[in-house]
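Commentary on secondary and tertiary structure
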Amino acid sequence: MSVSSLAEMTTESVGRPGDPCVMVIFGAGGDLTRRKLMPALYNLAAANLLSREFAVIGLAREAMTTDQFRDKFRQDIKEFGTCALNDDVTEWFIRRLYYMAGEFGDPKAYAQLRDLLDKVNKDHGCRENYFYYMATAPTFFAPIVQQLGAAGLVPNDGEQWRRIIVEKPFGRDLDSARKLNRDLLQVVREKQIYRIDHYLGKETVQNILAFRFANGIFEPIWNRRYIDHVQITVAETVGVEQRGGYYDQSGTLRDMVPNHILQLISLTAMEPPISFQADAVRDEQSKILHAIQPLSSEDVLTHAVRGQYGDGHDPEKRMAAYRSEPSVNPDSATETFVAMKLHIDNWRWAGVPFYLRTGKRLPQRHTEIAIQFRRAPFVLFRDTPVESLSPNILVLHIQPEEGISLSFGAKFPGPIMRLGNVDMSFAYSDYFGSSPSTGYERLLHDCMIGDATLFQRADMVEAGWSVVAPVLDVWTALRPRTFPNYPAGAWGPKEADELLARDGRKWRLNDNHTAKPAAAAKS
Ligand code: BG6
């Protein structure tokens, strides 16, 4: 198929519009709403993926009228919109925006919300389908759902549906996640709860399943017989910005591992599901999460590394230490970097380490899953100038580069046998153009059509917390003595390199990768 026909196919097959519905955003005055949710809804409207019978009610503490909310949207979309603005779409969308001020714990606010929902329903024909988006601080998730229940706003009866989208963090450890699940499930049923992880809104993450299961050539080698190990890097160059208050209580482990990184691992490692039905996919992901070998306290000392950035070395960039960031305790023991080695106890993966690392103030913004295959036998090259063979590495580039590359050895031109590492690469932009997506479009649309495949079930969230629980316990009990232990702008503390070096391996990204002759070639 040519590049252009592929492109046509993708625009034709974007899907049906969401059901008629009202989206109620709790916390509509916040950053998530203006930076992500509204631009995502706008993109859906521009792509005709919202029902014509759609409306939004923003609810927050701030005193504001609907007109002011609409004006605010007009300004915000200019700043945060990701597609070209179109006057018709903007006006259509604005007519569907409503706002009400209210305290999340106040029953009167919910009586008022019921009245407003009735009015909006009548005006826009939304068929009494509602979904409630919790874009608030996590302490409000359960109280809001309890109030919605008490006000009779969540029953999923007959023709109408009622759904709840819960943002992360879903709890701050296993116990609090379990409690939150219990609290929500006292009011609504599991199938009404959509626990969001925005990593699953990324095309490159969704593509992991397509890549693995729509191509016959990879699956046969996707196992312990051919794969040496897997490296997952989620690197950010930013520090904690204005989120010091939240971050200092959370730390990188809670912020990134039980959710985003375990999603990447479960999609990479899961067995083929029997269908793309929500529970078929989630059952397989869940099995992987449950198969991750629990770490003992001793394992935590050798398999998990934490770091915190200090001042940057580069005087031109002037990056301040984490402990000097706004709202951070000057004596903070919170980690801004994590590296871990995990094993998955099943037939496919026994003995294959999954190394992961993530952190703030690293040298590059880059997320990738690198699958390193076992080396070919060297025997044939014994009598040549080649000293060693490089492993093949398949890299799923998640962001900001979006694509897939496979590195392999090729003969370096010339009369003698020398090898160079070369890459076969696919970049999304070459085939599909660049997408205006915020990453939330697909997830919001899925909620509007009742497809929960890309959302977390209660058991998955709890399994994710179980994986990190021993690390949280040990790290809480043992205050780090060496913090800060990496300069802003470096690839984390040296212990992260030692974690792999002990196994005779190294992090792929710490080297420069180019198609140059391998250093292994003898001159
Ligand atoms: C969020 C974390 O969930 O994900 C942030 O709270 C992190 O700390 C962000 O920066 C990373 O998301 P993305 O899409 O930029 O990789």
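Let us look at the structure shown here. (Residues numbered from 1 in each chain as written. Predicted model: local features only at pLDDT ≥ 70, side-chain atom pairs only at ≥ 80, totals over all residues. Heavy atoms only, no water.)

Quick look at the overall build of the protein chain now. The secondary structure content of the protein chain amounts to 15 helices and 16 strands. Against the compact-globule benchmark of 24 Å for 523 residues, the protein chain has a radius of gyration of 25 Å, which places it among compact chains. Taken along its principal axes, the extent of the C-alpha atoms in the protein chain is 85 × 60 × 50 Å. Counting over 523 residues, the protein chain shows a buried share of 53%. A separation of at least 24 residues holds for 78% of the contacts in the protein chain among residues at least 6 apart in sequence. Surface exposure of the protein chain reaches about 24000 Å², of which carbon and sulfur atoms provide 52%. (Helix = DSSP H or I, 4+ residues; strand = E, 2+ residues; numbered from the N terminus. Rg over C-alpha atoms; globule rule 2.2 N^0.38 Å. Buried < 20%, exposed > 50% of the residue type's maximum accessible area, 1.4 Å probe, protein only. Contact = heavy atoms within 4.5 Å. Areas by Shrake-Rupley, 256 points an atom, 1.4 Å probe, with all protein chains shown as cover.)

This next bit is on helix H5 (residues 107-124). In this model H5 runs 26 Å from its N-terminal to its C-terminal C-alpha over 18 residues, within 8% of the 26 Å that 1.5 Å per residue would give. When we look at burial in H5, the residues that qualify are Ala109, Tyr110, Leu113, Leu116, Leu117, Val120, Asn121 and His124. Angularly, the buried residues of H5 cover 140° about the axis, an arc narrow enough to put them on a single face. Pointing more than 90 degrees away from the buried face of H5 are the exposed residues Pro107, Lys108, Asp115 and Lys122. Summarising the contacts, the buried residues of H5 are in contact with strand E1 (21-26), strand E2 (54-60), strand E3 (97-101), strand E4 (130-134) and helix H6 (141-150). Its side-chain oxygen placed 3.0 Å from the backbone nitrogen of Lys108, Asp106 serves as the N-cap of H5. Backbone geometry just after H5 places Gly125 at a positive phi near 65°. (Expected span 1.5 Å × (residues − 1). Arc of directions from axis to C-beta. Polar contact = N/O pair within 3.5 Å; in protein donor to acceptor, adjacent residues only side chain to side chain.)

Neighbouring residues of the ligand: Lys168, His198, Tyr199, Lys202, Glu236, Arg243, Asp255, Met256, His260, Lys360, Arg365 and Gln399. Side-chain polar atom of Glu236 to an oxygen atom of the ligand: 2.6 Å apart, as the coordinates give it. Here an oxygen atom of the ligand sits 2.9 Å away from a polar atom, N or O, in the side chain of Lys360. Protein burial of the ligand: of its 400 Å² of free accessible surface, 81% is covered by the chains. A total of three residues in the shell around the ligand trace back to one element, the largest contributor, which is helix H9 (residues 244-269). Here the shell around the ligand is composed, by residue class, of two nonpolar, three polar and seven charged. (Near = heavy atom within 4 Å. Nonpolar A, V, L, I, M, F, W, Y, C, P; charged D, E, K, R; others polar.)

Turning our attention to empty space enclosed by the protein. Counted under the stated rule, the structure contains three cavities of 30 Å³ or more. Secondary-structure elements contributing two or more residues to the lining of the largest cavity are H9 and helix H14 (458-477). For the lining of the largest cavity, a count of residues per class yields ten nonpolar, four polar and four charged. Considering only enclosed or pocket space, the second largest cavity measures out at about 70 Å³ in volume. Together, Ala28, Thr33, Arg34, Met38, Phe69, Lys72, Phe73 and Asp76 line the second largest cavity. Broken down by secondary-structure element, the contributors of at least two residues to the lining of the second largest cavity are helix H2 (31-46) and helix H3 (66-80). Tallying contributions element by element places H3 first for the lining of the second largest cavity, with four residues. Its residues assigned to classes, the lining of the second largest cavity shows four nonpolar, one polar and three charged. (1 Å grid on protein atoms, 1.4 Å probe; cavity = no way out; pocket = protein on both sides within 12 Å on 5 of 7 lines; lining within 4 Å. Points joined across faces, edges and corners; volume = space filled by probe spheres on them.)

Taking strand neighbours across the sheet as the criterion, the eight strands line up as E8-E10-E11-E7-E12-E13-E14-E15 in an open arrangement whose pairing is mixed. The sheet is open, and its two borders are formed by strand E8 (304-307) and strand E15 (419-427), each paired with just one other strand. Strand after strand, the sheet turns through a mean of 15° between neighbouring axes, direction not considered. When strand E12 (residues 366-373) meets strand E13 (residues 393-399), the two strands line up antiparallel, connected through six bridges. (Pairing = 2+ DSSP bridges. Axes fitted to C-alpha atoms, helices over the stretch in contact; angles between N-to-C directions.)

Structurally, the position occupied by Arg212 is in helix H8 (residues 203-213). A distance of 3.2 Å separates the side chain of Arg212 from the side chain of Glu219, its partner in a polar contact.

Within this structure, the stated rule accounts for 29 salt bridges. Linking Arg457 and Asp279 is a salt bridge whose minimum nitrogen-to-oxygen distance equals 2.8 Å. With Arg457 in the loop between helix H13 (441-449) and H14 and Asp279 in helix H10 (residues 278-291), this pair connects stretches of sequence that are 178 residues apart. For Arg457, a relative accessible area of 11% puts it in the buried group. Note on Asp279: relative accessible area 40%, which makes it partly exposed. The shortest N-O distance in the salt bridge between Asp331 and Arg479 comes to 3.4 Å. Highlighted residues: Asp331 in the loop between strand E9 (309-310) and strand E10 (337-342) and Arg479 in the loop between H14 and strand E16 (486-487), separated in sequence by 148 residues. (Salt bridge = Lys/Arg side-chain N within 4 Å of Asp/Glu carboxyl O.)

Let's shift gears to the nonpolar core. By size, the foremost hydrophobic cluster in this structure holds 133 residues, and its most contacted members are Phe26, Leu41, Leu113, Tyr132 and Leu444. Of the residues forming this core, the biggest block, ten residues, is contributed by H14. For Tyr132, the contacting residues outside a window of four places in its chain are Val24, Phe26, Leu113, Leu117, Leu148, Leu153, Val154, Arg162, Arg163, Ile164 and Ile165. Within the second largest apolar cluster, 20 residues are counted, among which are Val240, Tyr309, Trp491 and Leu500. (Core = buried A, V, L, I, M, F, W, Y, C linked by side-chain atoms within 4.5 Å.)

On to helix H4 (residues 87-94), then. Every buried residue of H4 is accounted for by Val89, Thr90, Trp92, Phe93 and Ile94. The N-cap of H4, judged by a side-chain oxygen 2.8 Å from the amide nitrogen of Asp88 a few residues on, is Asn86.

None of this, on its own, says anything about what the molecule does.
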